[in-house]
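So you can see what is in the structure, the chains are spelled out below.
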Amino acid sequence: MTRRSSPSRSPRRPRAKPFAERLEAAGQGHLLAHLETLGPPARKALLAEIEALDLGEIRDALSRMQEGAKPPTFEPPEVFPLRRTAEQEALARAAREAGEALLRAGKVAFLTVAGGQATRLRWEGPKGCLPVGPVSGRTLFEIHAGKIAGTRRRYGGSLPWYVMTSPANHEATVRAFEEKSCFGLPKEDVRIFPQGTVPAVDLEGRLLLAASGGLVRSPDGHGGLFGALRSQSILEDARRRGVEHLSYFQVDNPLIPVADPLFLGLHALRRADMSAKFVAKRDPAEKVGLLVLTGGRVGCVEYSDLPPAVAAERDGEGRLRLRFGNIACHAISFPFAASISPDDLPFHRAEKAIRALGPDGREVLVHGVKFERFIFDALPRAREVVLLEVEREEEFSPVKNASGENSPATAAAAMAAQAARWFAKAGLPLPPPGPAGFPPVEVSGRFALDEAEFLERAAGLEIDPRKPVFLDEEAPWSGSRSRS
Ligand code: UTP
């Protein structure tokens, strides 16, 4: 929705008549009256913002979306399952080694998308600054940083961490990292970069005006990643460092392993362009996107686009036929990331209440449309894809809502439950459940990245089960130590 030819050219002052005509013709005549109310600097800035847009495309995009496409058919894709044959088990062993070799050789970068607006959570500020650690109270950023530090320690590389923000939360995110000295990670290995934005419209496709003087804009979705990787020179940085694969995860899932050797190895051995992890969908109504085969390509269908009867279909073993719940964790090969241009991914519409200026110039909530690109729309462009099934309890507990399902409370409980399972395996005593219903135990990624590492490190550990337990390495940025 930006002019493709010359998005950065300096705005020429348009001759009043043709410009006004063009606005009227594009159904944006309401902007003219507003422009009249502005002083020269604000007027100039808004004119430049409007001039940079492809006005025709905005309305076209909206009407294309409203037309509704012919419903596609969906088939189960080929997957690498949890229940494996002996042959798959042998491949998994080789893949884990291949993934570890990639990490040791510094050929992997961590990539987190954290530019969302956290509307459902009703959280002001970056979602990554939300505290969810069940004992430590650490934030999502700190939890991921702990795992990244643990991975770097285990494999010895200077693996970089790229964090995508949006213009609305970029400064606050940078501040959060700075205040805690990048959570103990070397500053030169952490790059925080903003994604792009697109203007929002009302239901008739008219651009909305913000109280600040410009247009109402919103982040261009996690699929905006590909554009931002280019425009913010992240691809350049990754190329310089010899990065071959990006380990992509979303900031709102504290359980996700930040770089899984098995996943990376399967992806690399298969020479896949983009791979995805999934968990078995719980029941037909679960609100999770599904990885499917459609038109001979792997893709992801949103739960809202799956007819309920199709969602409820069972296979010969009584399992949901389409059960491959996308957990938004991807391995992306560098050449593939570099080959995707922003316009390769379609816009999706999200109808939302949007704060904007009403006809009388006062701010109101307008029922409007925000446009977003989705990362999983790159999947059908991949020649090879690995779909790896993982345990939900070990890897997926996203924070989406303020309360109830997929909330900070369920994420904290899932982290504690994982730690409790590891404690039990290691024969360590557990403190009794606290008021929230789970034993107050937590393991930082600095202490152990997975059960196997935990069992090694937990041998001989003395635990006092009368107190909450948080196992961590010394955290230099906060002065805290392992406590038990
Ligand atoms: P969601 O789609 O769940 O959006 O993002 P959200 O912003 O967190 O929450 P709602 O929908 O407003 O309630 C999944 C992941 O993608 C990132 C988010 O930060 C989160 O990690 N994301 C989303 C972006 O980085 N940019 C975007 O434009 C949208």
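For the structure, see preceding data.
None of the values given here were measured: they were computed from a predicted structure.

Around the ligand lies a shell of 19 residues, among which Gln117, Thr119, Lys127, Gln195 and Lys400 are the nearest. The contact in question runs from an oxygen atom of the ligand to an N or O atom on the backbone of Val113, over 2.8 Å. A distance of 2.7 Å is found between an oxygen atom of the ligand and a backbone nitrogen or oxygen belonging to Gln117. About the coverage of the ligand: the protein hides 90% of its 560 Å² of free accessible area. Within the shell around the ligand, the residues separate by chemical class into six nonpolar, eight polar and five charged.

This part is about the pairing of strand β13 (residues 363-372). Note: strand β5 (residues 201-202) against β13, two bridges, orientation antiparallel. Across the sheet, residue Asp202 finds its bridge partner in β13, namely Gly368.

The next point concerns the sheet that holds β13. Spatial strand order, β5-β13-β12: three strands in an open sheet with antiparallel pairing. In the strand order of this sheet, the two ends are held by β5 and β12 (348-357), each with one partner.

As a further point, take the packing of helix α14 (residues 408-426) against helix α15 (residues 451-458). Following both chains from N to C, one finds α14 and α15 inclined at 50°, their axes separated by 10 Å at the closest point. Classified by the angle their axes make, α14 and α15 are oblique. By crossing handedness, the relation of α14 to α15 is classed as right-handed. Only Glu451, Phe454, Leu455 and Ala458 of α15 make contact with α14, whose side of the interface consists of Trp422, Phe423, Lys425 and Ala426. Broken down by class, the residue content of the contact of α14 with α15 amounts to six nonpolar, no polar and two charged.

Attention now moves to the environment of Leu111. Tracing the backbone shows Leu111 in strand β1 (residues 108-113). Sequence-wise, Leu111 and Arg191 are 80 residues apart; in three dimensions their C-alpha atoms are separated by 9.7 Å. With near-sequence residues (within four places) excluded, Leu111 lies in contact with Trp161, Tyr162, Phe193, Leu225, Leu229, Leu246, Ser247, Tyr248 and Phe249.

Before going further, it helps to spend a moment on α15. The complete set of buried residues in α15 reads Glu453, Phe454 and Ala458. All buried residues of α15 lie within an arc of 125° about the axis, which places them on one face of the element. Looking at the packing, one finds that the buried side of α15 touches α6 (140-155), α14, β15 (441-443) and β16 (469-471).

One non-glycine residue with positive phi stands out, namely Ser181, at about 45°. Within the fold, Ser181 resides in the loop between α7 (170-179) and β3 (190-194). Of note, Ser233 is a non-glycine position whose phi angle comes to about 60°, a positive value. Within the secondary structure layout, Ser233 lies in the loop between α8 (225-231) and α9 (234-241).

Conventions adopted
- Residues numbered from 1 in each chain as written.
- Predicted model: local features only at pLDDT ≥ 70, side-chain atom pairs only at ≥ 80, totals over all residues.
- Heavy atoms only, no water.
- Near = heavy atom within 4 Å.
- Polar contact = N/O pair within 3.5 Å; in protein donor to acceptor, adjacent residues only side chain to side chain.
- Areas by Shrake-Rupley, 256 points an atom, 1.4 Å probe, with all protein chains shown as cover.
- Nonpolar A, V, L, I, M, F, W, Y, C, P; charged D, E, K, R; others polar.
- Pairing = 2+ DSSP bridges.
- Helix = DSSP H or I, 4+ residues; strand = E, 2+ residues; numbered from the N terminus.
- Axes fitted to C-alpha atoms, helices over the stretch in contact; angles between N-to-C directions.
- Parallel < 35°, antiparallel > 145°, perpendicular 65-115°, else oblique.
- Left-handed = near helix turned anticlockwise from the far one by under 90°.
- Contact = heavy atoms within 4.5 Å.
- Buried < 20%, exposed > 50% of the residue type's maximum accessible area, 1.4 Å probe, protein only.
- Arc of directions from axis to C-beta.

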